[in-house]
Amino acid sequence: MLPFLIVGGVGLAVLLISLIVGDIFDHFEIGEGAISGTALGIAAVVFGASGVLTYTSGLDEVWAYVLAAVLAVAAYLLALLLVKRLTKSSDGVPVSTIGLTGVTKSPVSPAGGEVSLDGPHEIERRLAYSDEALPEGVRIRVVEHTGTRVKVVAD
């Protein structure tokens, strides 16, 4: 039972380090993220916990190791899949707003103004500018996207 406790404790330490400091294996760039400190920590914790539970339930020691290993591999693969999916979803790539339509929420001029766009990711007002002065309430279309500002024309 001691090996399960040791592996589970080491896994918990790796998991905590990965959560606090960041994934410690990202710096090695092994197999394009094939090794994740978070996933390894989860797998080791699952190995330790399932091994202790199986061992104390009265099964043979061999079955405790087999079951713990199978559950640890499954936990690792599931955690790796989730970590990769979360990493891809938070890559910070801005969504292009060119072509979106909306309405001016304040007068818009070359100096600036605010618009509300009709895009699926647009839940707040955006800073906007236009070559010509546009009054509040005018339907607009985005023709240029620069940083957080958009250039608009009357639609």
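Residues numbered from 1 in each chain as written. Predicted model: local features only at pLDDT ≥ 70, side-chain atom pairs only at ≥ 80, totals over all residues. Heavy atoms only, no water.

K.L.:
For the environment of Ala13, give the residues involved together with the corresponding values.
P.N.:
Tracing the sequence through the fold places Ala13 in helix 1 (residues 2–21). Judged by relative accessible area, which is 37%, Ala13 ranks as partly exposed. Sequence separation between Ala13 and Ala44 is 31 residues; the distance between their C-alpha atoms is 9.8 Å. (Helix = DSSP H or I, 4+ residues; strand = E, 2+ residues; numbered from the N terminus. Buried < 20%, exposed > 50% of the residue type's maximum accessible area, 1.4 Å probe, protein only.)

K.L.:
Tell me about the pairing of strand 3 (residues 126–129), and please be specific about residues and values.
P.N.:
Every regular strand shows the same layout, with side chains that alternate between the two sheet faces. In the sheet, strand 2 (residues 113–117) pairs with strand 3 via three bridges, with the strands oriented antiparallel. Residue pairing across strands places Glu114 opposite Leu127, the latter belonging to strand 3. The pairing of strand 3 with strand 5 (residues 149–154) spans three bridges and is classified as parallel. Bridging from a neighbouring strand, Tyr129 pairs with Lys151 of strand 5. (Pairing = 2+ DSSP bridges.)

K.L.:
Account for helix 2 (residues 37–56), with residues named and values stated.
P.N.:
Taking 1.5 Å as the rise per residue, helix 2 with 20 residues should run 28 Å; its terminal C-alpha atoms sit 28 Å apart, in good agreement. Of the positions making up helix 2, those classed as buried are Gly37, Thr38, Ala39, Gly41, Ala43, Ala44, Phe47, Gly48, Ser50, Gly51, Val52 and Thr54. Backbone geometry just after helix 2 places Gly58 at a positive phi near 100°. (Expected span 1.5 Å × (residues − 1).)

K.L.:
I'd like to hear about the pattern of salt bridges, residue by residue, with values.
P.N.:
Applying the stated criterion to the full structure yields four salt bridges. When the shortest N-O distance is used, the salt bridge between Asp118 and Arg139 registers 2.9 Å. Highlighted residues: Asp118 in the loop between strand 2 and strand 3 and Arg139 in strand 4 (residues 139–146), separated in sequence by 21 residues. Its relative accessible area of 48% is what places Asp118 among the partly exposed residues. Classification of Arg139 by relative accessible area gives partly exposed; the value is 40%. Linking Asp155 and Arg141 is a salt bridge whose minimum nitrogen-to-oxygen distance equals 3.6 Å. A residue pair is termed long-range when its members are at least 10 positions apart, and Asp155 in the segment after strand 5 and Arg141 in strand 4 qualify at 14 residues. Accessibility expressed as a relative area gives 54% for Asp155, which makes it exposed. (Salt bridge = Lys/Arg side-chain N within 4 Å of Asp/Glu carboxyl O.)

K.L.:
Tell me what's going on with a nonpolar patch on the surface, and back it up with residues and numbers.
P.N.:
Together, Met1, Leu2, Leu5, Ile6, Val10 and Tyr55 make up an exposed nonpolar region whose accessible area comes to about 560 Å². Broken down by element, the nonpolar patch gets its largest block of residues, four residues, from helix 1. Within the secondary structure, Leu2 is located in helix 1. (Patch = residues over 30% accessible without salt bridge, like charges linked within 9 Å, V, L, I, M, F, W, Y side chains within 5 Å. Areas by Shrake-Rupley, 256 points an atom, 1.4 Å probe, with all protein chains shown as cover.)

K.L.:
Before we move on, could you go through the nonpolar core and cite the residues and values that matter?
P.N.:
For soluble globular proteins, the rule of thumb is that nonpolar side chains tend to be buried together. One finds Phe4, Ala39, Ala43, Phe47, Val52, Ala64, Ala68, Ala72, Tyr76, Ala79 and Leu80 forming the largest nonpolar core, which totals eleven residues. Elements with a minimum of two residues in this core: helix 2 and helix 3 (61–89). Of all the elements, helix 3 adds the most residues to this core, at six residues. Ignoring anything within four residues of it in the chain, the contact list for Ala68 reads Phe4, Phe47, Ser50 and Gly51. (Core = buried A, V, L, I, M, F, W, Y, C linked by side-chain atoms within 4.5 Å. Contact = heavy atoms within 4.5 Å.)

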